[in-house]
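If you want the building blocks of each chain, they are given just below.
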Amino acid sequence: MNKKFVLVSLLVVVAMLVSACGGGGEKLAKSINLNLGTEPPTLDPGLATDTTSVQCDELLFLGLTDFDDKTLETIPELATKWEVSPDGLTWTFYMRKDVVWVHYDPATKKVTEKGPVTAYDIEYGVKRTLDPVTASDYAYVDYIIKNGQKFNTGEITDANEVGVKALDAYTIQFTLEKPAGYFAGIAGMWVNRPVPREPIEKFGDKWTEPGNIWTNGPYMLETWEHENKMVMVKNPKFFNAKNVSIETINWAMVVEESTAFAMYENGELDVCGVPSADLDRVRADPVLSKELYTAPYLCTYYYGFNNTKPPFDNKLVRQAFSMTIDRKKLVETVLKGGQKPAKTFACPGIFGSPAEDPNFPEIPFDPAKAKQLLAEAGYPDGKGLPEITLMYNTSEGHKRIAEFIQQGWKEHLGVEVKLANQEWAVYLKTVHGPDTPQIYRLGWCADYPDENNWVLEVFHPTLGSNDIKWNNAEFARLTEEAAAASDPAKRKELYFQAEKILVHDEAAIAPIYYYVRVVCTKPYVERTYAPLGGEHIDKWKVKAH
Amino acid sequence: MTVQERAASRLTAREQRETNLWADAFRRLIRNRAALVGGLIVLGLILTAIFAPQIAPMHYAEGDSYNALTVPSWLAPFLPIKNIQSYAKINNNFLLGSDELGRDIFSRIVYGTRVSLPVGFMGALTALIIGLAYGCISGYYGGKVDNIMMRIVDIMYAFPTMLLIILLMAFFKSTFAQVQEPGTIAYTFNQINKVVDRFLGLQGGGMLFIFMGIGLTAWMGMARLARGQILSLKEKEFIEAAHTVGAGDLRIIVRHILPNILGPCIVAETLAIPGYINYEVFLSFIGLGVDAPTPSWGSMISEGSRSIRSYPHMILFPALALSITMFAFNFLGDGLRDALDPRMRGTS
């Protein structure tokens, strides 16, 4: 999923003063205040594309599967178990029978049961995501499902031809276009979650508003004051409700990272992302340094080149530019949060990523070689280059990185690059549009921990979004073959080759660093860290303080 | 003796009287302490902008991130953070410290005058030119013309200026951000912008678009002021006299009316300059102003505000530079008004 830099600081937690007796005599607080960072663009699981919306959906809606926070393995959630046919094309999921839809009335605080969550709700949800009328930006994730792409692009109009079918109320079967070992993860993604047909048909776009929405997750939506705050309360009908300790989550929407951190330091908040400007001070502070934790986060920050716009239609120029980004210095002196210089597109922790393979040929920081390459390309000392624009979405963080890299290119290559920025929504249109800038920045975060989600879904010439306008037949073949292969060793080898072409041989993009999440948590919060998707706050505890 | 000589002597007499008038105003201005100090600061700022490469010890875009975030030793004891020495680099390498990429803050403030001052002056100039022309035509012809032209101004006024500028800048940013094919309007604007930036010695500042954004919204006040002045002047006897001797409209406006209303208009614009500088600072603060790495006080304040709790020196100095400049222009403007505005004469 695309994400903004600021969203790295996801969670701000304030424990409320109210406290109660928990099990075993341990004093627990009942509520928690978190920072969402921004207004979630949507709560509709079918439409969510960003980390903020996904965080909310994680708490409100259950998926068939989920990812273990520690091992990243696919674990059952709504499903109890699943079976794959020998050819790898048919996936059958058996579901829990004790999950119900609930409706919460904020005015009366009344919780009403609305019947069981069934396989029919999942079938409805998947078809709704793929329906062109829904216009889900994430529908392409389901192109792996039989006829998913055809239905989504309008080639066929009968939803019943899509390879998803409820065999009975608690058994759902998916038929795939081709084998995909990672499908269990996709089946649990927000776009494939069960959604309630009744309120959707009754309220249309407004079905996610408090009072209208039906949910089935550990929490229910109580209040949503747009651009201001959101309140979620514990779902008493949730099958695991007795193990959910926190009863009320108050989400603030403080956009500015430094403001949120000031609130944390004032004791108003319990968990907060640490802005890079404050890192040195936090590390030196005897109290704050103990509350600091660097958690892995499956995202990569990269610069894409528009491979059709001169001079970046020349691979030597791309290599020269990638080679003069001093990633190590950037990470150590500017970002300082323990990020790692990236040598591949997919970050460590993703199945098939060669990030930690010592044999992977990385693009080194080598100004002399870069100069030579640029000269070979016909631009000695940058002479004769057309005007080059680097674009990023408006943010201090991105600006700083862009300035750092721009300075390096000027110093090592003698090339003056123009910086431009646009506001996020406009920026996304520019980057995804036909006129992608010569160099643009984006981050990519794992939706499910498999290379397929990276190389194929982002840069495949036809199956991916391919903002770099790159058309490499060998790369396309490798990624397609790897997607269909079932032998893990074979897939790893294919992805190794694909990544090598992408970042090294052709240097179609310049990966910059692998994200981490630098968070401060007050000592009385017992928490988990989710490396992808949303945090599982239902598993957290706040001790009385 | 001859007619010619008489005319010549009359001319000299008039010139002398005019010089005395301006000299009088100048004397009054100098006698005003605050205005004098303000004027000297403005003069100093202009010189700083012109000689920025000579004054600044480093180029504004150069720096080594290994030297990032150094706090000047002389300042450290005064900062309201107890344990700053436990984490910050405190040394004397930079007069006012360095920013997050190791760039010299002093140099960036010095170069920042090349953004702020041109914006202030260009804003005033465009407002003066467009506003005066518009107001003169509207006020002089009166009637239906006046009615229509002033309603247009009213409509423009109804937009919140700040919002209008933000919209304009967002439009410019999305239209002109990328390199365009030659021949398009966007390309032409980009070329002009490049000339402007090169003239100011800034790499990729995008200054033309800021001038346009501010210029397009700044002239309405001036148009109203000029119109009001003309309405009170055009019924005066000397205008009627000009009419009777057969002077054309253009001549009457340029030769007889303009010189009489120029004083108050200049005063109004001098007082408006801090406003224009403020607009630019605000735009850069929210990221819609100059393009990085061009230093604007606004973008520096924006950067500094994010690290205010750890490195307050980053926001302190650009903010100081900005407030001093604002004070200077305001004092100078006040002084000029006292010295020039006929209605204020003798009321000191």
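A. Broad picture of the overall build of chain A. What chain A contains, in helices and strands, is 16 helices and 25 strands. Relative to a compact globule of 545 residues, whose C-alpha radius of gyration would be 24 Å, chain A shows 24 Å and is just as compact. With the C-alpha coordinates aligned to their principal axes, the bounding extent of chain A is approximately 75 × 60 × 40 Å. Counting every position in chain A, which comprises 545 residues, the buried fraction comes to 54%. The contacts in chain A between residues at least 6 apart in sequence include a share of 67% that link residues at least 24 apart.

B. Summary view of the overall build of chain B. Helix and strand counts for chain B come out as 12 helices and 2 strands. If one aligns the C-alpha atoms of chain B with their principal axes, the spans along those axes are about 85 × 50 × 35 Å. Among the 348 residues that make up chain B, the fraction classed as buried is 41%. In chain B, of all internal contacts separated by at least 6 residues, the share reaching a separation of at least 24 is 72%.

C. Summary view of the interface of chain B and chain A. Across the contact, 29 residues belong to chain B and 34 residues belong to chain A. Elements represented by at least two residues in the side of chain B that touches chain A include exactly α6 (161-176) and α11 (297-306) of chain B. A breakdown of the residues in the side of chain B that touches chain A according to their chemical character gives 12 nonpolar, 11 polar and 6 charged.

D. The domain arrangement of chain A, seen in detail. All names here are of chain A. Domain assignment breaks chain A into domain 1 (12-253 + 522-542) and domain 2 (297-517). Between domain 1 and domain 2, the C-alpha centre-to-centre distance is 32 Å. Along the lines of polarity and charge, the residues of the side of domain 1 that touches domain 2 split into 11 nonpolar, 4 polar and 1 charged.

E. A look at the sheet that holds strand β8 (residues 90-95) of chain A. All names here are of chain A. Pairing in this open sheet of 4 strands is antiparallel, and the strands run β7-β8-β12-β11 from one edge to the other. Both edges of this open sheet fall to β7 (79-84) and β11 (164-168), since each of them pairs with a single strand only. Direction aside, neighbouring strands of the sheet carry axes that sit 20 degrees apart on average. Examined bridge by bridge, β8 and strand β12 (residues 171-175) share 5 bridges and lie antiparallel to one another.

F. Representation of the confidence of the model for chain A in the model. Residues at a pLDDT of 70 or more form 95% of chain A, whose mean pLDDT is 89. A low-confidence stretch, residues 4-24 of chain A (pLDDT under 50), is modelled with 78 contacts involving residues beyond four sequence positions or located in other chains.

G. Here's a closer look at the packing of helix α4 (residues 105-141) of chain B against helix α8 (residues 207-233) of chain B. Residues and elements named next belong to chain B. Where α4 meets α8, the closest approach of the two axes is 5 Å, and the angle between their N-to-C directions is 40 degrees. Classified by the angle their axes make, α4 and α8 are oblique. Note on packing geometry: the crossing formed by α4 with α8 is right-handed.

H. Here's a closer look at the environment of B:Tyr141. All names here are of chain B. By secondary structure assignment, the location of Tyr141 is in helix α4. Take Tyr141: there are 15 C-beta atoms within 10 Å of it, and that puts it in the partly exposed class. Along the chain, Tyr141 and Asp249 lie 108 residues apart, while their C-alpha atoms are 9.1 Å from each other.

I. Just the sheet that holds strand β9 (residues 100-105) of chain A, in detail. Residues and elements named next belong to chain A. Read across the sheet, 3 strands follow the order β10-β9-β13 without closing on themselves; strand pairing throughout is antiparallel. Taken across any chain shown, the strands that pair with only one partner, and hence form the sheet edges, are β10 (110-116) and β13 (214-215). With 2 bridges joining them, β9 and β13 adopt antiparallel strand pairing. What sits directly across from Val102, in β13, is Thr215.

J. Geometry of the environment of B:Met162. With respect to the helices and strands, the residue B:Met162 is situated in helix α6. With 52 residues separating them in the primary sequence, B:Met162 and B:Ile214 have C-alpha atoms 9.4 Å apart.

K. Geometry of the nonpolar core. Counting 239 residues, the largest nonpolar core has A:Val455, A:Leu502, A:Ile509, B:Met222, B:Ala226 and B:Tyr276 as the members making the most contacts within it. A:Ile509 has contacts with A:Tyr302, A:Tyr303, A:Gly304, A:Phe305, A:Phe345, A:Ile468, A:Leu502 and A:Val503, leaving out every residue within four places of it along the chain.

L. Structural context of unusual backbone geometry. Between A:Pro310 and the following residue, A:Pro311, the backbone shows a cis peptide bond with an omega angle of 0 degrees. By secondary structure assignment, the location of A:Pro311 is in the loop between β18 (292-305) and α9 (315-323). In the segment running from B:Ala292 into B:Pro293, the intervening peptide bond is cis, with an omega of 0 degrees. Here B:Pro293 is to be found in the loop between α10 (249-285) and α11. In this structure, A:Asn147 is a non-glycine residue whose phi angle is positive, near 65 degrees. Take A:Asn147: it is sitting in the loop between α2 (119-130) and α3 (148-152).

M. Representation of the pairing of strand β14 (residues 219-225) of chain A. Here 6 bridges tie β14(A) to strand β15 (residues 229-234) of chain A, and the two strands are oriented antiparallel to one another. Pairing of A:Thr223 across the sheet is with A:Val231, part of β15(A).

N. Spatial organisation of the pairing of β15(A). Residues and elements named next belong to chain A. Where β14 folds back on β15, the antiparallel hairpin that results is connected by 3 residues, among which Glu227 adopts a positive phi of roughly 65 degrees. As defined by bridge partners, β15 adjoins strand β16 (residues 248-252) across 5 bridges and the pair is classed as antiparallel. Each bridged residue has a counterpart across the sheet, and for Lys229 the counterpart in β16 is Ala252.

O. The arrangement of α10(B) in detail. Residue and element names in this part refer to chain B. With 37 residues, α10 should cover 54 Å at 1.5 Å per step; its first-to-last C-alpha distance of 46 Å lies more than 12% under that length. Most pronounced at Leu258, the bend in α10 amounts to some 55 degrees, and the proline Pro259 follows within four residues. Directly beyond the C-terminal end of α10, a positive phi value near 85 degrees is found at Gly287.

Procedures and definitions
Residues numbered from 1 in each chain as written. Chains lettered and ligands numbered in written order. Predicted model: local features only at pLDDT ≥ 70, side-chain atom pairs only at ≥ 80, totals over all residues. Helix = DSSP H or I, 4+ residues; strand = E, 2+ residues; numbered from the N terminus. Rg over C-alpha atoms; globule rule 2.2 N^0.38 Å. Buried ≥ 20, exposed ≤ 12 C-beta atoms within 10 Å, placed from the backbone. Contact = placed C-beta atoms within 7 Å. Nonpolar A, V, L, I, M, F, W, Y, C, P; charged D, E, K, R; others polar. Domains from an automatic or database assignment. Pairing = 2+ DSSP bridges. Axes fitted to C-alpha atoms, helices over the stretch in contact; angles between N-to-C directions. pLDDT = per-residue confidence, 0-100. Parallel < 35°, antiparallel > 145°, perpendicular 65-115°, else oblique. Left-handed = near helix turned anticlockwise from the far one by under 90°. Core = buried A, V, L, I, M, F, W, Y, C linked by C-beta atoms within 7 Å. Expected span 1.5 Å × (residues − 1). Bend = angle between axes of the 7 residues up to and from the residue.

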